[in-house]
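Coordinate inspection notes
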Amino acid sequence: MRSEEELGRVDFLVREDFSRLSAREFMNPRFRQSLARYDVARTNRDRFRALSDILPAPNELQGLELSQMGEYQVRDDLKAQMQGALLVFKSGLGSAADLAFHGFDTHENHDLRHEELFFRVADAIGYFWDYAEELGIAERIMLVIGSDFGRTNFYNDGNGKDHWPVG
């Protein structure tokens, strides 16, 4: 483990190299962007340390849940996505996240599948707010839930619902 003095010296050298590289006139835009991202990461390393300090024990991490709904398999990692996003918010490393949960594209057996899927989403939303409260950040959160398109208001021949731009 390096001492604080050694880390300070390394920071100074890195900062000096960063300034020298950033001043180059004919730098590739992608390389310039990579340098900027590296600088942000180094500047915020205390926040990464804060994130590592609040990471739960492995047995407390949310994981992937697989379940069978008739002939369909549901892969559910929504709670894991939520836990990760909330931990990043708590650490100060992020302020927004896009989370996704799939399976609603039900061209057949619509009601059977949607009932289970909505139950899982409702359960995950409850988890989200409970965990945000536990982390002490619930009052700073705005949760927005949306869908990419609607379903028909009638059933097709397979007892499903097809894409419909009205929803």
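Definitions and cut-offs
- Residues numbered from 1 in each chain as written.
- Predicted model: local features only at pLDDT ≥ 70, side-chain atom pairs only at ≥ 80, totals over all residues.
- Heavy atoms only, no water.
- Helix = DSSP H or I, 4+ residues; strand = E, 2+ residues; numbered from the N terminus.
- Buried < 20%, exposed > 50% of the residue type's maximum accessible area, 1.4 Å probe, protein only.
- Contact = heavy atoms within 4.5 Å.
- Areas by Shrake-Rupley, 256 points an atom, 1.4 Å probe, with all protein chains shown as cover.
- Core = buried A, V, L, I, M, F, W, Y, C linked by side-chain atoms within 4.5 Å.
- Patch = residues over 30% accessible without salt bridge, like charges linked within 9 Å, V, L, I, M, F, W, Y side chains within 5 Å.
- Salt bridge = Lys/Arg side-chain N within 4 Å of Asp/Glu carboxyl O.
- Lys, Arg positive; Asp, Glu negative; His and termini not counted.
- Charge placed at Lys NZ, Arg CZ, Asp CG, Glu CD.
- Phe/Tyr/Trp six-rings, centres within 6.5 Å; stacked < 30°, edge-to-face > 60°.
- pLDDT = per-residue confidence, 0-100.
- Expected span 1.5 Å × (residues − 1).
- 1 Å grid on protein atoms, 1.4 Å probe; cavity = no way out; pocket = protein on both sides within 12 Å on 5 of 7 lines; lining within 4 Å.
- Points joined across faces, edges and corners; volume = space filled by probe spheres on them.
- Nonpolar A, V, L, I, M, F, W, Y, C, P; charged D, E, K, R; others polar.

This paragraph deals with the overall build of the chain. From N to C terminus, the chain includes 5 helices and 4 strands. When the helices and strands of the chain are listed from N to C terminus, the series reads α-α-α-β-β-α-α-β-β. Taking all 167 residues of the chain together, the buried fraction comes to 26%. Across the chain, every contact between residues at least 6 apart in sequence was considered, and the portion connecting residues at least 24 apart equals 51%. On the chain, roughly 12100 Å² of surface is accessible, and the fraction owed to carbon and sulfur atoms is 53%.

Counting 21 residues, the largest nonpolar core has Leu-86 and Ile-137 as the members making the most contacts within it. If one sorts the elements of this core by residue count, helix H5 (residues 110-135) sits on top with 8 residues.

Moving on, we get to a negative patch on the surface. There is a patch of like negative charges on the surface, built from Glu-60, Asp-130, Glu-133, Glu-134 and Glu-139. Relative to the assigned elements, Glu-134 resides in helix H5. Glu-134 gets classed as exposed once you look at its relative accessible area, which sits at 62%.

Let us look at the packing of aromatic side chains. All chains considered together, the criterion is met by 5 aromatic pairs. Ring centres of Phe-104 and Phe-118 lie 5.2 Å apart, and the angle between their planes is 50°; on these two criteria the pair is classed as tilted. Separated by 14 residues along the polypeptide, Phe-104 in the loop between helix H4 (78-91) and H5 and Phe-118 in helix H5 bring together distant segments of the chain. For Phe-104, a relative accessible area of 23% gives the class partly exposed.

On to the confidence of the model for the chain. When pLDDT is averaged along the chain, the result is 84; 86% of the residues meet or exceed 70. Confidence, read as mean pLDDT per element, is least for helix H1 (residues 4-22) in the chain (63) and greatest for H4 (96).

Between the first and last C-alpha of H4 there are 20 Å, a value that for 14 residues agrees with the 20 Å anticipated at 1.5 Å per step. By the burial criterion, the buried members of H4 are Leu-78, Lys-79, Met-82, Gln-83, Ala-85, Leu-86, Leu-87, Phe-89 and Ser-91. Positive phi shows up at Gly-92, right after H4, with a value of about 90°.

On to the layout of surface pockets. Of the pockets and cavities examined, the largest pocket occupies roughly 1000 Å³. Lining the largest pocket are 32 residues; nearest its centre among them are Leu-99, Ala-100, Phe-101, Ile-145 and Gly-146. Elements with a minimum of two residues in the lining of the largest pocket: H4 and H5. Broken down by element, the residue count for the lining of the largest pocket peaks at 5 residues, all from H5. Taken together, the residues of the lining of the largest pocket sort by class into 20 nonpolar, 7 polar and 5 charged.

This part takes up the environment of Asp-148. With respect to the helices, strands and loops of the structure, Asp-148 is situated in the loop between H5 and strand E3 (150-151). Each C-alpha atom of the pair Asp-148 and Pro-165 lies 9.6 Å from the other, and the pair is 17 residues apart in sequence.

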